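Below, each chain spelled out in residue letters.
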Amino acid sequence: MSDSSTSIQPLLEIKNLEVGFQTTEGIVPAVRGVDLTLMPGQTLAIVGESGSGKSTTAHAIINLLPGPGRITGGSIMFDGQELTSYSEKKMEEIRGRQIGFVPQDPMSNLNPVWSVGFQVEETIRANGIASGRKAVKAHAIQVLKEAGLADADKRLKQFPHQFSGGMRQRVLIGIGLSSRPKLLIADEPTSALDVTVQRRILDHLETLTRDIGTAVLFITHDLGLAAERAEQLVVMYKGKIVEAGPSKEILQNPVHPYTQRLVAAAPSLASRRIQSATHASASHALSDLEYAPTKVTEGLDLIAAAEERIEQQPKTKRPDAIVVKDLTKVYKIRGQGRGAAGELTASDAVSFSVEKGTTTALVGESGSGKSTVAKMILRLEDPTSGSIMIDGQDVAPLKGKALLDLRRRMQPVFQDPYGSLDPLRNIGNTIGEPLNTHKVGDRVSRKARVLELLDQVALPKTLITRYPNELSGGQRQRVAIARALALKPDIVVLDEAVSALDVLVQAQILKLLADLQAELELTYLFITHDLAVVRVIADNVCVMQQGKIVEAASTDDVFDSPKEQYTKELLNAIPGAGITLGV
Amino acid sequence: MSNNPPTQTHYVAPLEETPLVAIDTVNVGERPSNLWIDAWRDMRRRPMFWISSVIILLVVLVALFPNLFTSVPPNDNCVLSNSNGAPTAEHILGFTKQGCDVFSRIIHGTSTSLSVGIIVTVLTTVLGILFGMFAGYYGGWLDSVLSRAGDIFFSIPYILAAVVIMSVFSAYRNVFVISLAIGIFAWPATARVLRAEIMRVKNSDYVMASQALGVSRFRILLRHVLPNSIAPVIVVTTISLGAAIVAEATLSFLGVGLPNTTMSWGNDISAAQSDLRTAPQTLIYPSLALSITVLSFIMLGEVVRDALDPKARAQR
Amino acid sequence: MAGYILRRLLQAIPVLLGTTFLIYFMVFAMPGDPLLALFGDKTPSPALLESLRQQYHLDQPFIIQYFLYLGGIFHGDFGTSFSGEPVADILARTFPVTIRLAIMALIIEFVGGVLIGLVSGLRKGKLFDASALVVSLIFISLPIFVIAFVAQFIFGIQLGWARTTVSSGAPIQDLILPAFVLASITFAQIVRLTRASVIETQSLDFVRTAYGKGLSRRRIIPVHILRNSLIPVVTYAATDFGVLLVGATVTEGIFNVPGVGRTLYQAIVRGEGPTVVSFVTVMVLIYLVVNLVVDLLYGLLDPRIRYVK
């Protein structure tokens, strides 16, 4: 053993762990020979894309593998105990008491039919932390207070659906840490939350575990987040560890080509690096950096893509493609409780304009009204008041043929790759639908156009007879982009179009979008919650909060000198702050 | 594997162990597949699908060409001296109280049961699709009106409603009237299933994408929303065919179904009930025919449900 | 919760009006003499016809007839039976028997159905599960009267364990066989629904989290899996109560149980139209009340329903 020189024993030592899933075709391996060591009090992050085996590894430790999952080999030593040899009964002793667990999605991880207090109290009782009704209740209140719920005593009787996502995650963290475990497994604990909430909760988690002295095994897909929150980093790819070591070292000097790809494609890291680089260079211009991707990161490198984008952009001022003025949308909502009908102002006097051939990002957290604005511009919702001008033409009175013409010039790409394509229509029909609807050309020319579009989004022509369920998320988004481009529009509204994709695929799609913009002189309205992505793709940024635009400026200005407190918060929430990175 | 625990030092796996593969490559070798193609591939592997299909096919053949299956006329040649008689070589299932051939009556009664099943199912499916489709897709006041109407029809158990209707129309008891009487109160189940499914599907991004293309609302309903919502209706339809056959038999059993002169399984069971002790075969064989037919439809419905609903597939 | 109850009560009013109107419409809006149609091939005495004409206010315009009839229902006046006895009196006499039978059947189907469904769901794909699935399919396919006759034949005639008909006081031991028969129709559905619900709940995130926080399987199964799985089962039970009502009619008829169902059964078999209409109306009202009660129960079972909206 290499650490025989130190007297401290590792808290968790995984050796050659193999996990497989039983299917009708035999055992499919998910984790293939993972070695991992975690010292007491340390934080270690496992980073990887979906399907890399990172969550499976974490679940295997406390035997929470789903039905067909089995540990097929290797050993897991935890605090001097061989966990793989433990019966279910003995694992119950370990779980909760010695190893805490914080799951990913706060919305689905609390039982909706029991009160929050009940769910905290049953944990306390099961782990023997306290007994007797009063003591248990007192302890539950203390647990929740520690987790950051100030009015815990009042909220004990409430049900999960009466809590916000962030609050629920605090409850889950409280439950996970309630018995002061030696190890906490946190499986993407904040990826379902808004960025600012995410940051606050991770800060809190860090403080708590440091105070208790709990070691943390942190699972995440975000390399920047991992590096910021953990001393040690493990990168997983296809069930194996490809690179492991101290976080900073890996980030600054990634050796394995897969890690290099991840570093190049992570928006959080790219935006940080662009930021520090433009600060360093006298002209503040990204194009001066002369940054070049390496062979393995070709086509995935966000900085290179951003550079290229800026280079290809004409420098002359051009007319506005979209001008939005005082756009307001008020929804009538059914009253809460007392039966009184209320109103919700989803968009409150929003004004901005987008210059032809440029990209404007509309950034905000959930409920900020950014998608409502997009839908109104697309004429999918009618505004309560205000005006939208497309190429100098007021769109409100358009009907029939004129509206059809407008739709031809402006097309959307939506977020959910699994919902954006009709599962019962093949790819050829899906991409061809705009051509049919607008009666462009005859059958032969339409087919030729569909093939041309497939080529444009870098998909093989054979896909024309295939169905969406055979495609990956990224491929579906490519099809959605092809459909949007079919009518040769001037404007494309991208509503969280890359948010649901894995980082590498996301980087590819961002590159594709940038290439298409240069080639077809497209104007993009880019709706997103992720400021980091904005840094590499947008020229201008409008930050939205509660239906209002709180700050609007060029991307450089927003990043260099944010005026509003909220913008600063959003910027701070981009993971990877305080990590010095080479360009 | 290295001897060093990889987290202590900067560990890099040799590239040969996990060679990089191209990101997001398309698997071009596969055959095209969508929900329906997948469902068919799933179904044809299951013996239950083939068993139920073969039985249903047989029942349909019997209903269409009863004389292929028996040469004994069902009602002529009934001799009272054969009343409740035991099976003979020529009359394999014995005789009814009236001295008629049990087997022949079962064969000739098939078309009645099947016709009622089919007419009721067509009626409930058409009504259910119309109500469910418009209520779910257009929402608002139309939904309120249609759904409340559905609630009212749903609140009267359909067999009880049919009992009342058949009592009123006692002079007009035939296959069509009884099918109407059952179907007119049985459609809300279909409508509810379709409405819920349509409300889910209509919020899909692909519906919004078509809207943004300028496809008309009604066309979106027909081209995208309805095809994607119809799967659960098919399941309900298959199962309700069986239920309708049971309903007809129940009404005939209660004496408000088809007149005694019409040959039907329900009537034969009803007529045989008093002879349960002395001649159980007169009751058991028509019951068996009825149950096997219904079981086939319900089994087929189960197979279709499993094949169409990925959630149900996971539950197997 | 109070708001929820009030809303449900208000929602029940149009349905109540609608159903009674629909029944009345079916019977009395037909062309010709509705009373003669109701009697089919029977010829009632002129005196009875006259009293029925008064009872249904047939001399009034249709819509007024309906409201007078509805008013009667609210006063507990369901009309007069063929034999001349007020329907309300018959109800008072037969209702306790039916309630006894129904409660026995409900206990059998719920306790049995939920238990078997739970075990089936927890042991998905095992022998127990497979057999339960096959048996439940067969039960779903068998019409209630076939089940009743088979039960009579096997347990009453062949084995001699039970009486094939119930004696006049309808004692509990006589009701056991009819209760099992009555329970059998919805029993299979409850098994299948519970099983599906248990399997789905088992795979939900909060169950994994419950294991993760150190709870034992013995606690998780009742508190987290079964408790949540009951919600769809209870909803189903409400809508399927209609099947139970029809089942009660047939079962009571076959086993000669002196309850509401047998009265309706005999009226149907004898072709006594007006009595049939009265009793169907009563059953529909019972169905509405049961659905309302289950709706309220649903609010108790699922806090999301209770507080939201």
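Scoring rules and cut-offs
- Residues numbered from 1 in each chain as written.
- Chains lettered and ligands numbered in written order.
- Predicted model: local features only at pLDDT ≥ 70, side-chain atom pairs only at ≥ 80, totals over all residues.
- Heavy atoms only, no water.
- Helix = DSSP H or I, 4+ residues; strand = E, 2+ residues; numbered from the N terminus.
- Buried < 20%, exposed > 50% of the residue type's maximum accessible area, 1.4 Å probe, protein only.
- Contact = heavy atoms within 4.5 Å.
- Areas by Shrake-Rupley, 256 points an atom, 1.4 Å probe, with all protein chains shown as cover.
- Lys, Arg positive; Asp, Glu negative; His and termini not counted.
- Charge placed at Lys NZ, Arg CZ, Asp CG, Glu CD.
- pLDDT = per-residue confidence, 0-100.
- Core = buried A, V, L, I, M, F, W, Y, C linked by side-chain atoms within 4.5 Å.
- Pairing = 2+ DSSP bridges.
- Salt bridge = Lys/Arg side-chain N within 4 Å of Asp/Glu carboxyl O.
- Polar contact = N/O pair within 3.5 Å; in protein donor to acceptor, adjacent residues only side chain to side chain.
- Axes fitted to C-alpha atoms, helices over the stretch in contact; angles between N-to-C directions.
- Left-handed = near helix turned anticlockwise from the far one by under 90°.
- Nonpolar A, V, L, I, M, F, W, Y, C, P; charged D, E, K, R; others polar.

**Student:** Can you walk me through the overall build of chain C in this structure?
**Tutor:** Helix and strand counts for chain C stand at 14 helices and 0 strands. Traced from its N-terminal end to its C-terminal end, chain C shows the element sequence α-α-α-α-α-α-α-α-α-α-α-α-α-α. For the C-alpha atoms alone, the extent of chain C along its principal axes is close to 75 × 55 × 30 Å. A total of 309 residues make up chain C; the buried ones form 52% of that total. Across chain C, contacts joining residues at least 24 apart in sequence account for 73% of those joining residues at least 6 apart.

**Student:** So what exactly am I meant to see when it comes to the overall build of chain B here?
**Tutor:** When its secondary structure is counted, chain B shows 12 helices and 1 strand. Reading the secondary structure of chain B in the N-to-C direction produces β-α-α-α-α-α-α-α-α-α-α-α-α. If you line up chain B on its principal axes, its C-alpha atoms span 100 × 55 × 35 Å. At a minimum sequence separation of 6, the contacts of chain B that also span at least 24 residues come to 69%. Split by element, the accessible area of chain B, about 13,600 Å² in all, is 64% carbon and sulfur. Between the averaged position of the 21 positive side-chain charges in chain B and that of its 19 negative side-chain charges there is a distance of 7 Å.

**Student:** Whenever I open this one, the confidence of the model for chain C confuses me. Can you help?
**Tutor:** Where the model shows low pLDDT, its predicted coordinates should not be examined in detail. Residues and elements named next belong to chain C. Across chain C, the average pLDDT comes to 83, with 94% of residues at or above 70. Across chain C, the element-wise mean pLDDT spans from 69 in helix α2 (residues 34-39) up to 93 in helix α9 (residues 205-212). Both scores are given for the predicted complex: the pTM is 0.85, the ipTM 0.85.

**Student:** Explain the nonpolar core to me, please; I cannot follow it from the model alone.
**Tutor:** Taken as a class, soluble globular proteins show a tendency for nonpolar side chains to be buried jointly. Within the largest apolar cluster, 128 residues are counted, with the highest numbers of intra-cluster contacts made by L251 of chain B together with F145 of chain C. The element that contributes the greatest number of residues to this core is helix α11 (residues 280-308) of chain B, accounting for 12 residues. L251 of chain B has contacts with I159, A162, V163, M166, I178, I182, V256 and G257 of chain B, leaving out every residue within four places of it along the chain. Formed by 112 residues, the second largest nonpolar core is a distinct cluster that contains L262, L300 and A532 of chain A together with V225 of chain B.

**Student:** When you look at the sheet that holds strand β15 (residues 393-394) of chain A in this model, what are you seeing that I'm missing?
**Tutor:** In any sheet, the strands associate via hydrogen bonds between backbone groups, in a parallel or an antiparallel arrangement. Residues and elements named next belong to chain A. Reading across the sheet, the 4 strands line up as β12-β11-β14-β15 and stay open at both edges, with antiparallel pairing between neighbours. Each edge of the open sheet is held by one strand with a lone partner, namely β12 (342-355) and β15. With 5 bridges connecting them, strand β11 (residues 320-333) and strand β14 (residues 385-390) associate as antiparallel partners. Bridging from a neighbouring strand, V324 pairs with I388 of β14.

**Student:** Sorry, what's going on with the interface of chain B and chain C here?
**Tutor:** For interface size, the figure often reported is the accessible area lost on association. Contacts between the two partners involve 43 residues from chain B and, on the opposite side, 47 residues from chain C. Between the two partners, chain B and chain C, sit 1 salt bridge. When the shortest N-O distance is used, the salt bridge between E302 of chain B and R192 of chain C registers 2.3 Å. For the interface between chain B and chain C, the tally reads 1 residue pair in polar contact (both at pLDDT 80 or more). Of all elements in the fold, only α4 (140-154), α5 (158-168), α9 (231-254), α11 and α12 (310-315) of chain B reach the threshold of two or more residues within the side of chain B that touches chain C. A per-element tally of the side of chain B that touches chain C places α11 of chain B first, with 10 residues.

**Student:** Looking at this structure, I do not really get the pairing of strand β16 (residues 410-413) of chain A. What am I missing?
**Tutor:** Looking down a regular strand, the side chains alternate between one sheet face and the other. All names here are of chain A. The side-chain alternation of β16 yields two buried faces, one formed by M410 and P412 and the other by Q411 and V413. Pairing of β16 with strand β17 (residues 491-495), which is carried by 4 bridges, proceeds in the parallel orientation. Paired with M410 across the strands is I491, a residue of β17.

**Student:** Where do I start with the packing of helix α12 (residues 260-270) of chain C against helix α13 (residues 273-301) of chain C in this structure?
**Tutor:** Residues and elements named next belong to chain C. Packing of α12 against α13 leaves a shortest axis separation of 9 Å and a crossing angle of 145°. Considering only the axes of α12 and α13, their crossing is left-handed. For the pair α12 and α13, contact is made by V260, G261, T263, L264, A267 and I268 and by T275, V276, F279, V280 and M283, respectively. Considering only residue class, the contact of α12 with α13 consists of 8 nonpolar, 3 polar and no charged.

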